[in-house]
Amino acid sequence: MIKLELQPGKLGFSDLRRLLNEDTILEIEPASQERIQASEKLISQIINEDQTVYGINTGFGLLASTRINTSELEALQRSIVLSHAAGTGAIFSDQTVRLILALKINSLARGYSGVKPETIEALLRLYNAKIYPCIPSQGSVGASGDLAPLAHLSAILIGVGEARHQGKTISASEALAKVNLKPIKLAPKEGLALLNGTQVSTALAIQGLLAAEDIFVSAITAGALSVDAARGSDTPFDERIQAVRGHASQIRVAKLIRDLLKDSEIRESHRDCRKIQDPYSLRCQPQVMGACLSHLLYTSDILLTEANAVSDNPLVFTEQNEILSGGNFHAEPVALAADAIAVSIAEMGALSERRIALLVDPHFSNLPAFLVNNPGVNSGFMIAQVTAAALASENKSLAHPASVDSLPTSANQEDHVSMATYAARRLLQMADNTAGIIGIELLAGCQGIDFSSPLKTSPRLEKVHQLVREHVPFYAEDRYFAPDIAAIKSLIQSGKIRERVEISLFS
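Novice: Whenever I open this one, the overall build of the chain confuses me. Can you help?
Specialist: When helices and strands are counted, the chain shows 21 helices and 9 strands. Computed over the C-alpha atoms, the radius of gyration of the chain is 26 Å, within 12% of the 23 Å expected from 2.2 N^0.38 for a compact globule of 507 residues. Taken along the three principal axes of its C-alpha coordinates, the chain extends 85 × 50 × 40 Å. Counting every position in the chain, which comprises 507 residues, the buried fraction comes to 55%.

Novice: Would you explain empty space enclosed by the protein in this entry?
Specialist: The gaps of empty space that remain are located by a probe, the size of a water molecule, rolled over the atoms. Summed over the entire model, instances satisfying the criterion amount to 2 cavities of 30 Å³ or more. Taken together, the residues of the lining of the largest cavity break down into 6 nonpolar, 1 polar and 3 charged. Computed from the structure, the second largest cavity encloses a volume of approximately 30 Å³. In terms of lining residues, the second largest cavity is bounded by Leu103, Ser107, Thr198, Gln199, Thr202, Glu306, Ala307 and Ala309. Sorting the residues of the lining of the second largest cavity by element identifies helix H4 (94-108), helix H9 (199-229) and helix H14 (285-307) as the ones contributing at least two each.

Novice: Is there a simple way to think about unusual backbone geometry in this case?
Specialist: Where the residue is not glycine, phi is negative for most of them; where a peptide bond is considered, it is trans in most cases. That bond from Ala143 to Ser144 is cis: its omega, 0 degrees, falls within 30 degrees of zero. The topology assignment puts Ser144 in the loop between strand S5 (136-138) and helix H6 (147-155). Note the cis peptide between Ser453 and Pro454, where omega equals 15 degrees. Here Pro454 shows up in the loop between helix H18 (420-451) and helix H19 (459-471). You will see that Asp50, though not glycine, has its phi angle at about 60 degrees, which is positive. Mapped onto the elements of the fold, Asp50 is located in the loop between helix H2 (32-48) and helix H3 (73-84). With a phi angle near 80 degrees, Lys189 is a residue other than glycine that sits in the positive phi range. Relative to the elements of secondary structure, Lys189 occurs in the loop between helix H7 (172-178) and helix H8 (190-195). Lys189 gets classed as buried once you look at its relative accessible area, which sits at 0%.

Novice: Before we go on, may I ask you to explain the layout of surface pockets in this structure?
Specialist: Reported here for the largest pocket is a volume of approximately 670 Å³. Of all elements in the fold, only helix H1 (13-20), strand S3 (88-91), H4, H9, H18 and helix H20 (482-493) reach the threshold of two or more residues within the lining of the largest pocket. Per-element accounting of the lining of the largest pocket gives the leading share, 8 residues, to H18. When the residues that make up the lining of the largest pocket are grouped by side-chain class, the tally is 14 nonpolar, 9 polar and 7 charged. Taken together, 27 residues line the second largest pocket, and the ones lying closest to its centre are Ala143, Ser144, Leu147, Ser410 and Glu414. When contributions to the lining of the second largest pocket are tallied by element, the ones reaching two or more residues are H3 and H6. Class assignment of the residues belonging to the lining of the second largest pocket gives a composition of 11 nonpolar, 14 polar and 2 charged.

Novice: How should I be thinking about the side chain of Ser344 in this particular structure?
Specialist: The topology assignment puts Ser344 in helix H15 (residues 332-360). The exposure class of Ser344 is buried, given its relative accessible area of 2%. Ignoring anything within four residues of it in the chain, the contact list for Ser344 reads Cys292, His295 and Leu296.

Novice: Can you walk me through the nonpolar core in this structure?
Specialist: Note that soluble globular proteins tend to have their nonpolar side chains buried in a common cluster. Of all hydrophobic cores here, the largest spans 157 residues; its most connected members are Leu16, Leu19, Ile105, Phe216, Leu296, Phe381 and Leu442. At 19 residues, H9 tops the list of elements feeding residues into this core. Apart from the residues within four sequence positions on either side, Ile105 is in contact with Leu6, Leu26, Ile28, Ile120, Leu123, Leu124 and Tyr127.

Novice: Before we go on, may I ask you to explain a nonpolar patch on the surface in this structure?
Specialist: A surface patch of nonpolar side chains, amounting to about 240 Å² of accessible area, comprises Met382, Ile383 and Val386. Along the chain, Ile383 falls in helix H17 (residues 382-398).

Novice: Whenever I open this one, H15 confuses me. Can you help?
Specialist: Because an α-helix packs 3.6 residues into every turn, residues spaced three or four apart end up facing the same way. Here H15 is 29 residues long and its end C-alpha atoms lie 42 Å apart, about the 42 Å a rise of 1.5 Å per residue gives. Most of H15 is tucked away, with 22 of its 29 residues classed as buried.

Novice: It is not clear to me how the packing of aromatic side chains should be interpreted in this structure. Could you clarify?
Specialist: In this description, an aromatic ring pair is defined by two values, namely the gap between the centres and the angle between the planes. Enumeration over the complete set of coordinates arrives at 6 aromatic pairs. Considering the side-chain rings of Phe451 and Phe474, the 5.5 Å spacing of their centres and the 75 degrees angle between planes classify their relative orientation as edge-to-face. Of this pair, Phe451 sits in helix H18 while Phe474 sits in the loop between H19 and H20; the two residues are 23 residues apart in sequence, bridging distant segments of the chain. Phe451 sits in the partly exposed class, given a relative accessible area of 24%. A cation over a ring is seen here: Arg98 above Tyr127, with NZ or CZ 4.0 Å from the ring centre.

Novice: Just to check I follow, could you spell out the pattern of salt bridges for this structure?
Specialist: If the charged atoms of two oppositely charged side chains come close together, the side chains can form a pair. For the structure shown, the criterion picks out 21 salt bridges. Two residues, Asp50 and Arg67, come together in a salt bridge whose shortest N-O distance is 2.6 Å. Of the two residues, Asp50 sits in the loop between H2 and H3 while Arg67 sits in the loop between H2 and H3, which places them 17 residues apart along the sequence. What you see here is one network of salt bridges that share partners, running through Asp234, Arg267, Glu268 and Arg271.

Novice: What should I look at first to understand the pairing of strand S1 (residues 2-6) in this one?
Specialist: A regular strand places its side chains so that they alternate between the two faces of the sheet. Here 5 bridges tie S1 to strand S2 (residues 24-28), and the two strands are oriented parallel to one another. Residue pairing in the sheet places Ile2 in a bridge with Thr24 of S2.

Novice: Teacher, can you tell me more about H1 here?
Specialist: Turning to H1, its buried residues number three or more, namely Phe13, Asp15, Leu16, Leu19 and Leu20. For H1, the angular spread of buried residues about the axis comes to 155 degrees, placing them on one side. Contacts made by the buried residues of H1 are with S1, S2, H4, helix H5 (117-128), H9 and H14.

Basis of the calculations
- Residues numbered from 1 in each chain as written.
- Predicted model: local features only at pLDDT ≥ 70, side-chain atom pairs only at ≥ 80, totals over all residues.
- Heavy atoms only, no water.
- Helix = DSSP H or I, 4+ residues; strand = E, 2+ residues; numbered from the N terminus.
- Rg over C-alpha atoms; globule rule 2.2 N^0.38 Å.
- Buried < 20%, exposed > 50% of the residue type's maximum accessible area, 1.4 Å probe, protein only.
- 1 Å grid on protein atoms, 1.4 Å probe; cavity = no way out; pocket = protein on both sides within 12 Å on 5 of 7 lines; lining within 4 Å.
- Points joined across faces, edges and corners; volume = space filled by probe spheres on them.
- Nonpolar A, V, L, I, M, F, W, Y, C, P; charged D, E, K, R; others polar.
- Contact = heavy atoms within 4.5 Å.
- Core = buried A, V, L, I, M, F, W, Y, C linked by side-chain atoms within 4.5 Å.
- Patch = residues over 30% accessible without salt bridge, like charges linked within 9 Å, V, L, I, M, F, W, Y side chains within 5 Å.
- Areas by Shrake-Rupley, 256 points an atom, 1.4 Å probe, with all protein chains shown as cover.
- Salt bridge = Lys/Arg side-chain N within 4 Å of Asp/Glu carboxyl O.
- Expected span 1.5 Å × (residues − 1).
- Phe/Tyr/Trp six-rings, centres within 6.5 Å; stacked < 30°, edge-to-face > 60°.
- Lys NZ or Arg CZ within 6 Å of the ring centre and 35° of its normal.
- Pairing = 2+ DSSP bridges.
- Arc of directions from axis to C-beta.

The following block contains the structure:
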């Protein structure tokens, strides 16, 4: 087991990867306890002084002007959890809920939310015991935070709902018993602090971003393989071409491709050929993939900031003895970032599909038609390319920006919403589609490399070729194709391709 001491508000991408790993045990640094306790104490002071403060002793949303009697404050917090647990659809995966839990703990432990240390400890116990509340995936518009899904997460604490543990669904009471807890009584503001926040949309977007990293590296690798398989030119990747345009990510991508192609026997064999230019899907990889990389790097900054943010409302500022109501729960930054990731995932898949189409067409690749001997009797990669086209087309629809949509909720009190949760949720489906496309290209590229034997590709690409061939043999004649695609898609999604070429984007 790996212990990670959480310094609230200071998570990095290496921490986020560890938090997704079920072998990680999370602890909160002792120094944060003082801030948490001071925040809770100020809430108690507000109650004792009979002040009226939104979220503590008032109703919510359009009912914010309704004052709640002190005797009903516990019922108020319980009621908000129960009434807001109105989600629908398939439940999120255990891994997604694991990250949601970790992000909620990280936010509450910063000491601006007014919750009891015992409440954070209860969430921590669930995380460390690998007990994941069942959270329906639909029902959030991304403002006031992810209300419905976080209500389902929080309901477990009061003994309501279901959870997942070791692959089984158990009742809330069973879940609490496994960590030696009884249903807790929520103190003033705790229900709202648990429900408010962008942790669901942020967790989904981070998962999408990490999946996009594997896709990006695999796409760069597959693209370099396709250049070699089609006996393309490496001139378009010359650093001088990139330098005069000046985009840092374009420069970086071109260098990655140059490094991947370095010392290729296949490239040297046609150095003096009469071919003038390659199609854009080969030649313009630095420009297209560089633009995608810029988006991914930009969104990584946004999402890392949000992962460390305090995004509930109102917020408790103990230094000034003030409680301020604002709108940090509005997930527009996450929605716009998720939309940018979606477009990048779609473009990476679209470019890869075009390279597959090029490789199977002998007029462009000078390889056997559909990358198989005895074409006609054998159909080879004909329908694999159709599958890639279908996936790329599906991603075009999924890439439509979610953030431009908004429907008012809560009787127009919440009159502009972000749709961040859907914007982020569709990323994993898009990433899965693009992993399938790039998996097909890797198979096609390796097939093309094999047709160049005894010449070999570069040493770095040869490692990838060997990895592919460890799982899928040369396509000598038609066979059941789907398992081959699934095998290479798994290599992409597990990070094996990224590890083999030793390229990473986020530290």
